[in-house]
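# Geometric and topological summary
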Amino acid sequence: MTDFGGAAAELHEFDEDASPDAEVLTKSLGWTFWICIGWLIVIVLAAILAPWLPLKDPGKTQINPDLGAPPYSPSGSFWFGTDQNSRDVFSRTIFGARVSLVVGFVAIASGMLIGGSLGMIAGYFRGKADKVISFVFVVLLSFPSLVLAILITSLLNRNLTTVAGILGFLAIAPIGRLARATTIQFAEREFVLAARTLGAKHPRIIIRELLPNVIIPMGALALLGMAIAIVAEGGLAFLSLSVEKEETWGKLIQLGSGTRDLQKAPWISMGPILVLFMTVLALNYAGDKLRAYFDVREISL
Amino acid sequence: MNYWLQRLVIAVLLLLAVSMVTFGAMNVLGDPLFNILGPRVGDTSPEGLELIDDAKAEYNLDKPLPVRYALWAGDFVRGDFGVQFSNDGQPPVSNLIKERLPRSAVLLVMAQLFATAIAIPWSLWSASKANSGVDKVSTFSTFLIIALPNFALAVVLKYLFAIKFGIFPLTYTADDPALSRLFQLVLPALTIALPAAAVYQRLLRTDLITTLQEDFILMARSKGVSRRNVLFKHALRPSLFSFVTVFGINTGALIGGALIVETIFRVPGLGSTIVEAVLREDFPVVLAIVMIITAAFVAVNIVVDILYSLIDPRVRR
Amino acid sequence: MNVPIQTEGRVSDGTLLEVTDLKTHFRTERGLVRAVDGVTFSLERGKSLGVVGESGSGKTVLSRTIMGLLPSTAVLDGSVKFAGQETLGMSPKQMRHLWGREMSMVFQNPMVSLNPLMKVGKQIMEPLDIHLGMDKRNARETALTLLRDVRIPEPEKRLDQFPHELSGGMRQRVMIAIALACGPTLLFADEPTTALDVTVQAQILELIGEQRRDRNMSVILVTHDLGVVAGHTDEIAVMYGGRLVEKAPTKQLFANMKMPYTMSLMRSIPKIEDPSHTRLLTIPGRPPDLVNPPKGCGFAPRCAYARTKCLEERPPLVPTVESDDHVYACWYPVGSPEFEERDVEILSRVGVAGAAS
């Protein structure tokens, strides 16, 4: 039962560990964190090694006369069952991981590169550069991002590069805003002033003094960002606006989401949903733990 | 007053910028001519070419980009959203908007209402049981709900409640009476509401726990106020600030999420319309809806500010 | 000076509160914190007791324990009898009937102790509604009367204002009004003046004293400042390390203090008669560890007059020769030969600066 009122403040006088949300303040990552990292490693490895793993061909129709007519429900030979064209859902999910993960990673990486640089420039130099860059950020952020994504992907060739590029583009503003805020925070600290009085030039200060400090909160949020990017790609895929050739998780889920399919063979989308969910969950959880560990203030993405 | 004026100016600038970006993107990256004339664009016969010229003249496609933009903007501001490129007979866009906007609005309002109705009691409950076993389970479950992408959630909810348990209908029928249409919107609204509710609950819970440590709570208890009333009458209101802010910001985010949900549940609202329109490169429709969405977003932010000043009398001017 | 409501307490005279060997311990990660470690006293109806000590002495925990406003991690022992009824084991639900009605509390910082988002009037009327079932009109009338009692200017206006619209002194008066609303028999004032200007402090203390007399109400005044209790209490209890180290009727305490700690407290108060630039005497060292209290006298490590015995054996609380009402816990109290001996040494070392009174 929680205790109301300043009573708990007395406890504080005696014991600094007695805080209301002790779970958030613990400075250790915990075993649950490592489980998430473990899952992420597994899925990444599976995606990379997919062509060499003993998986059934994701594009080929598999008929097993013993099991009757396709689609087959999950069983020993087809872990996630098969889809309407009798293709193995499990291997399709693993191969789908390749694109989904790559898109997520590239998107965040480019977002951090560009957004991070812009944010740091804005935060360090302030003045006109800051006003312009901030306005750009605000405009980008005011756009319902999905609309922008839909807009652009519909007008271009939809391959890995463009889709990852769009999502990366959308990541620039939120990441940039964070980088800017963090830079401002640090730029006012003494060690930067000290460097300046020692005659250090701007690029040197930015790279040597500010960058290491800004990278930490950004890095902690990278995992969260990846989760968001993967989900975004999934959303686009659902609207048939993701990469055209390869399978992604979003596409797989969409293919199995028709009313009839859900009635007859729900596993077609549930399998990929499960894997997607666990990956995003792991990214979110690990990212959150990292954020708490490095004590990054909640600047929402 | 100066403050509000500033905000208005920024809002207008924003809308301008957004419209320019969208207009530019559609006209530069896409091919408006193709959308109007379809395959006839490739018709090099004399009649075909004449058709193309006529089309160009009628839709001002022969003029440079900035001029086209200015023309469009002029029309837009006067309420003329242009005509739909891709529908037969090319009915005015405003018809489409009038028909579909209310549905999306209702959906969003329902979603936010559900989310708030779920979040507030839930957060009050978990704040009063902070750090107990059930609270930890509850916190973990919010995490799960937030992690699940909305399209996946939509599929899961559709499967569970529309198909397996058959509680909700599968499609939206525009001709049905109002009440049953509302019922048809429940599942899509829930899909949007659940993750939002989880986010709100976490925020409210944290703020409530913090507020409950304050001295005035102890003071209230020392007056003999019951635990329940301490929560509702004393602790809740001061804890609403972050919630209100996020609520407002989230409305914008929810608009985006509504696109996918409308598509999945086949609700003919603004969201599914713009998806279709983008796929068909129906520029006027896209532009109109983008502007509406952005304007709504900006308006919501301003309303959030107003709400803020109502909740906290210290902020009132 | 109206007295609109006065409960007919079960005790209209005589002993209202009896505290016997009260212990409050908190279970923490570091161990068991003995915040209050065996305190005994009693209080009569209409009398006021000052509880004085540094932060960490347990004085606030004491008042909250008697009120019953502690977190559930507290381990309680001993006995608290209020109007003859044992309240120590009562559940919050049961205590709720007493809170705001028979006993109430005025808190230290009125800015954070009043609900910032609730009108002042509403906060005053709340206990009236809960305990006395008053309807809105009556409650408003009563609230107005209360505001007049506590001498707030323009009381009608104040009812509809918010705490931040009032000055610090006014807010504290409001708190007092709230505490007095249902006519309690026991009022706790926890550092009621610490957050206020010096000029306002005196007014507030006067006000409390006035209400006490008018309502025949008992008051427990908790503070770190001996100056505050000097003119406003009938009796003073000095706490150190969770224990009572001296207790006496106020006049006797100031005339004849026995415990060197009390003396140090006295000497830390700047006095107007002191020559300018008199160095303020501070007590060096830190309060004792409440998880592992020392086996001897708690104050000994910091006491200039301590000897070996002080560190080894805990002195018991004994009455003075002059009066049974005055008790103290010290092996070598002020006035004893050992004390005088040490005093001479000290004075010769330090010089006269700071050794005022």
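Residues numbered from 1 in each chain as written. Chains lettered and ligands numbered in written order. Predicted model: local features only at pLDDT ≥ 70, side-chain atom pairs only at ≥ 80, totals over all residues. Heavy atoms only, no water.

Residue and element names in this part refer to chain C. Most of strand 8 (residues 218-223) is tucked away, with 6 of its 6 residues classed as buried. Pairing analysis gives 5 bridges linking strand 3 (residues 48-52) to strand 8, with the strands arranged parallel. Among the inter-strand pairings, Gly50 is bridged to a residue of strand 8, identified as Leu221. Pairing of strand 7 (residues 186-190) with strand 8 involves 5 bridges; the strand directions are parallel. Across the sheet, residue Leu187 finds its bridge partner in strand 8, namely Val219. Following the chain from strand 7 across helix 8 (residues 198-215) to the adjacent parallel strand 8, one finds a crossover that is right-handed. (Buried < 20%, exposed > 50% of the residue type's maximum accessible area, 1.4 Å probe, protein only. Helix = DSSP H or I, 4+ residues; strand = E, 2+ residues; numbered from the N terminus. Pairing = 2+ DSSP bridges. Right-handed = clockwise from strand over helix to strand, strands pointing away.)

Once that is clear, we can look at the packing of aromatic side chains. According to the stated counting rule, one finds 13 aromatic pairs over all chains in the structure shown. Where Phe80(A) meets Phe90(A), the ring centres are 5.2 Å apart and the plane angle is 90°; that geometry is what we call edge-to-face. One end of the pair, Phe80(A), is in the loop between helix 3 (30-49) and helix 4 (89-125); the other, Phe90(A), is in helix 4, with 10 residues separating them in the sequence. Overall, the relative accessible area of 17% leaves Phe80(A) in the buried class. For Phe90(A), a relative accessible area of 17% translates into the label buried. Here a set of aromatic residues connected by ring pairs shows up, and it is made of Trp79(A), Phe80(A) and Phe90(A). In this structure, Arg307(C) packs its charged tip against the face of Tyr332(C), placed 5.6 Å from the ring centre. Above the face of the Trp331(C) ring, Lys309(C) is positioned so that its terminal group lies 3.8 Å from the ring centre. (Phe/Tyr/Trp six-rings, centres within 6.5 Å; stacked < 30°, edge-to-face > 60°. Lys NZ or Arg CZ within 6 Å of the ring centre and 35° of its normal.)

All names here are of chain B. With respect to burial, helix 12 (residues 270-279) is a largely interior element, 8 of its 10 residues being buried. If you check which residues of helix 12 are buried, you get Leu270, Gly271, Ser272, Thr273, Ile274, Val275, Ala277 and Val278. Downstream of helix 12 by one or two residues, Glu281 has phi in the positive range, about 55°.

The subject of this paragraph is unusual backbone geometry. Positive phi, normally seen in glycine, also occurs at Arg266(B), with a value near 55°. In this fold, Arg266(B) is placed in the loop between helix 11 (241-264) and helix 12.

We now examine the environment of Val275(B). Mapping Val275(B) onto the fold places it in helix 12. In this structure, the C-alpha to C-alpha distance between Val275(B) and Ile260(B), residues 15 residues apart in sequence, is 8.7 Å. Residue contacts for Val275(B): discarding those within four places in its chain leaves Ile150(A), Leu239(A), Leu259(B) and Thr263(B). (Contact = heavy atoms within 4.5 Å.)

What follows is about the sheet that holds strand 1 (residues 15-28) of chain C. Residues and elements named next belong to chain C. Strand order across the open sheet formed by 4 strands is 2-1-4-5, with antiparallel pairing between neighbours. Both edges of this open sheet fall to strand 2 (31-44) and strand 5 (85-86), since each of them pairs with a single strand only. Two elements, strand 1 and strand 4 (residues 74-82), share 8 bridges in a ladder whose sense is antiparallel. Paired with Glu18 across the two strands is Lys81, which belongs to strand 4. Against the sheet, helix 1 (residues 59-67) touches strand 1, strand 2 and strand 4, its axis set at about 110° to strand 1. (Axes fitted to C-alpha atoms, helices over the stretch in contact; angles between N-to-C directions.)

This paragraph deals with the packing of helix 8 (residues 190-197) of chain A against helix 9 (residues 202-238) of chain A. Residue and element names in this part refer to chain A. Where helix 8 contacts helix 9, the axes come no closer than 10 Å and their chain directions differ by 160°. Our classification of the angle between helix 8 and helix 9 gives roughly antiparallel. With respect to the hand of their crossing, helix 8 and helix 9 are arranged in right-handed fashion. Between helix 8 and helix 9, the contacting residues are Phe191, Val192, Ala195 and Arg196 on the first element and His202, Ile205, Glu209, Leu210 and Asn213 on the second. (Parallel < 35°, antiparallel > 145°, perpendicular 65-115°, else oblique. Left-handed = near helix turned anticlockwise from the far one by under 90°.)

What follows covers a positive patch on the surface. Side chains of Arg228(B), Lys233(B), Arg237(B), Lys119(C), Lys122(C) and Lys136(C) sit close together on the surface and give a patch of like positive charge. Its place among the elements puts Lys136(C) in helix 5 (residues 136-149). (Patch = residues over 30% accessible without salt bridge, like charges linked within 9 Å, V, L, I, M, F, W, Y side chains within 5 Å. Areas by Shrake-Rupley, 256 points an atom, 1.4 Å probe, with all protein chains shown as cover. Salt bridge = Lys/Arg side-chain N within 4 Å of Asp/Glu carboxyl O. Lys, Arg positive; Asp, Glu negative; His and termini not counted. Charge placed at Lys NZ, Arg CZ, Asp CG, Glu CD.)

The interface of chain C with chain B comprises 26 residues on the first partner and 19 residues on the second. In total, chain C and chain B occlude about 2,100 Å² of area from one another, counting both sides; carbon and sulfur atoms represent 65% of this. Here chain C and chain B share 1 salt bridge between them. Linking chain C with chain B are 9 residue pairs in polar contact (both at pLDDT 80 or more), by the criterion used here. At the level of secondary structure, the elements contributing two or more residues to the side of chain C that touches chain B comprise helix 1, strand 6 (103-106), helix 3 (110-113), helix 4 (120-132) and helix 7 (168-180) of chain C. Per-element tally for the side of chain C that touches chain B: the top contributor is helix 4 of chain C, with 5 residues. Here the side of chain C that touches chain B is composed, by residue class, of 17 nonpolar, 6 polar and 3 charged. (Buried area = accessible area lost by both parts, 1.4 Å probe. Polar contact = N/O pair within 3.5 Å; in protein donor to acceptor, adjacent residues only side chain to side chain. Nonpolar A, V, L, I, M, F, W, Y, C, P; charged D, E, K, R; others polar.)

All names here are of chain A. Applying the stated criterion across every chain, the model contains 23 salt bridges over all chains. The partner of Asp83 in a salt bridge is Arg92, with the nearest N and O atoms 3.5 Å apart. Several salt bridges converge on common partners, so that one network encompasses Asp83, Arg87, Arg92 and Glu247.

Taken together, the contacts link 47 residues of chain A with 57 residues of chain B. Carbon and sulfur atoms make up 78% of the surface buried where chain A meets chain B, a total of about 4,700 Å² over both sides. There are 0 salt bridges connecting chain A and chain B. The interface formed by chain A and chain B holds 0 residue pairs in polar contact (both at pLDDT 80 or more) in total. The set of elements that each furnish at least two residues to the side of chain A that touches chain B consists of helix 1 (7-14), helix 5 (127-142), helix 6 (145-155), helix 9, helix 11 (259-264) and helix 12 (267-294) of chain A. Grouping the amino acids of the side of chain A that touches chain B by side-chain chemistry returns 31 nonpolar, 12 polar and 4 charged.

For sheets, the rule is that strands pair by backbone hydrogen bonds, running either parallel or antiparallel. Residue and element names in this part refer to chain C. Read from one edge of the open sheet, 8 strands run 6-7-8-3-9-10-12-11, paired in mixed fashion. The sheet terminates laterally at strand 6 and strand 11 (318-319), the two strands that pair on one side only. One ladder, built from 4 bridges, connects strand 6 with strand 7; its direction is parallel. Bridging across to strand 7, Val106 finds its partner in Ala189.

Residues and elements named next belong to chain C. For chain C, the mean per-residue pLDDT works out to 85, and 91% of the residues sit at or above 70. Within chain C, the lowest mean pLDDT, 81, falls on helix 13 (residues 337-350), and the highest, 94, falls on strand 8. pLDDT under 50 marks residues 1-10. Its contacts with residues more than four places away, or in other chains, come to 30 contacts. Taken together, the chains of this predicted complex give a pTM of 0.77 and an interface ipTM of 0.82. (pLDDT = per-residue confidence, 0-100.)

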